[in-house]
Amino acid sequence: MPAMSDEIFMREALACATRAAELGEVPVGAVVVVDGQIVGRGYNQPIARHDPTAHAEVMAIRQAARSLGNYRLPGASLYVTLEPCVMCSGAILHARIARVVFGAADPKTGACGSQLNLFSHERLNHHATVVGGVMAAECAQLLTGFFAARRAAVRLGQP
C-alpha cells in the first residue's frame, strides 16, 4: 500500500514543516526513508543558519547521509511538503535518491514539473521517480496560513 505509507511519511514531513513555522522559517519539512524507516529529518532553516542552502530537503539528506554513513542514498525516498527547487533537486540527484514524494506544487520555483522537471532530463545520469500532490491541501494550507499571518503582522507594524 504505497499510498497509505506515503501519507504516513508526509505527515512526518508536515510535523517538520510545523517546526520550521514555529521558528519563523518558511514551513517546509522533509524526511528521508529507507526500508520503511526514517533516517533523516529536516525543515527549512536558512534564516537561523544564515545559509541559503539550508532547505528542508538538504537538511534531511545531510542527516540521512550521516545516519547511514554514506553520501549516496540509493533506494531512499524523500518526502517533502513542497515541490523541490532546482538546488534541492540537484542534491537529490547527487544523493541518488530513488523516489521523491511532494505535497504542494511550487508554481514559481518547482523543479519536479511546475517550472521544469529536472528528474526527466535525458542527459542526466540519475533519474528519480516523482510523485506529486500527496496531501497537497494540507501542505499548501500550512504555507498559505504562514504567509497570511506574516502579511497581517506587517500590516500591523510587527516584524
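Remember, it's a predicted structure, so these values are computed and weren't measured experimentally.

What counts, and at which threshold
- Residues numbered from 1 in each chain as written.
- Predicted model: local features only at pLDDT ≥ 70, side-chain atom pairs only at ≥ 80, totals over all residues.
- Heavy atoms only, no water.
- 1 Å grid on protein atoms, 1.4 Å probe; cavity = no way out; pocket = protein on both sides within 12 Å on 5 of 7 lines; lining within 4 Å.
- Points joined across faces, edges and corners; volume = space filled by probe spheres on them.
- Helix = DSSP H or I, 4+ residues; strand = E, 2+ residues; numbered from the N terminus.
- Buried < 20%, exposed > 50% of the residue type's maximum accessible area, 1.4 Å probe, protein only.
- UniProt positions renumbered as here; feature names shortened; annotations may be inferred.
- Contact = heavy atoms within 4.5 Å.
- Polar contact = N/O pair within 3.5 Å; in protein donor to acceptor, adjacent residues only side chain to side chain.

*Asks:* Mind showing me how you'd approach the layout of surface pockets here?
*Replies:* If a probe as big as a water molecule is rolled over the atoms, it shows which places are left empty. Computed from the structure, the largest pocket encloses a volume of approximately 530 Å³. Around the largest pocket, the lining comprises 24 residues; the ones closest to its centre are Val 26, Leu 82, Asp 106, Leu 143 and Phe 147. Within the residue set of the lining of the largest pocket, elements represented by two or more residues are α2 (46-49) and α5 (136-155). Per-element accounting of the lining of the largest pocket gives the leading share, 5 residues, to α5.

*Asks:* Explanation requested: unusual backbone geometry in the structure shown.
*Replies:* Across the chain, the bulk of peptide bonds are trans and the bulk of non-glycine residues have phi less than zero. Positive phi outside glycine occurs at Arg 96, with the angle close to 65 degrees. Mapped onto the elements, Arg 96 comes out in the loop between α4 (86-95) and β4 (99-104). We classify Arg 96 as partly exposed; its relative accessible area is 23%. We note that Met 135 has phi near 55 degrees; this positive angle belongs to a residue other than glycine. Within the secondary structure layout, Met 135 lies in the loop between β5 (129-131) and α5.

*Asks:* Honestly, the UniProt feature "binding site: Zn(2+)" (unreviewed entry) in the chain in this entry has me stumped. Any pointers?
*Replies:* Mapped onto this structure's residue numbering, the UniProt feature "binding site: Zn(2+)" (unreviewed entry) falls at His 55, Cys 85 and Cys 88. Of the residues just listed, which span 34 residues, no C-alpha pair is farther apart than 9.4 Å, and they cluster in one region. As for the largest pocket, its lining draws on His 55, Cys 85 and Cys 88 from among the annotated residues. Along the chain, His 55 falls in the loop between α2 and α3 (56-68). On the accessibility criterion, His 55 (23% relative accessible area) is partly exposed. Once residues within four sequence positions are removed from consideration, His 55 is found in contact with Tyr 43, Asn 44, Cys 85, Met 87 and Cys 88. For His 55, the side chain forms a polar contact with the main-chain oxygen of Pro 52, separated by 3.5 Å. Overall, Cys 88 belongs to the buried group, its relative accessible area being 0%. In contact with Cys 88, other than residues within four places in its own chain, are His 55, Glu 57 and Val 58.

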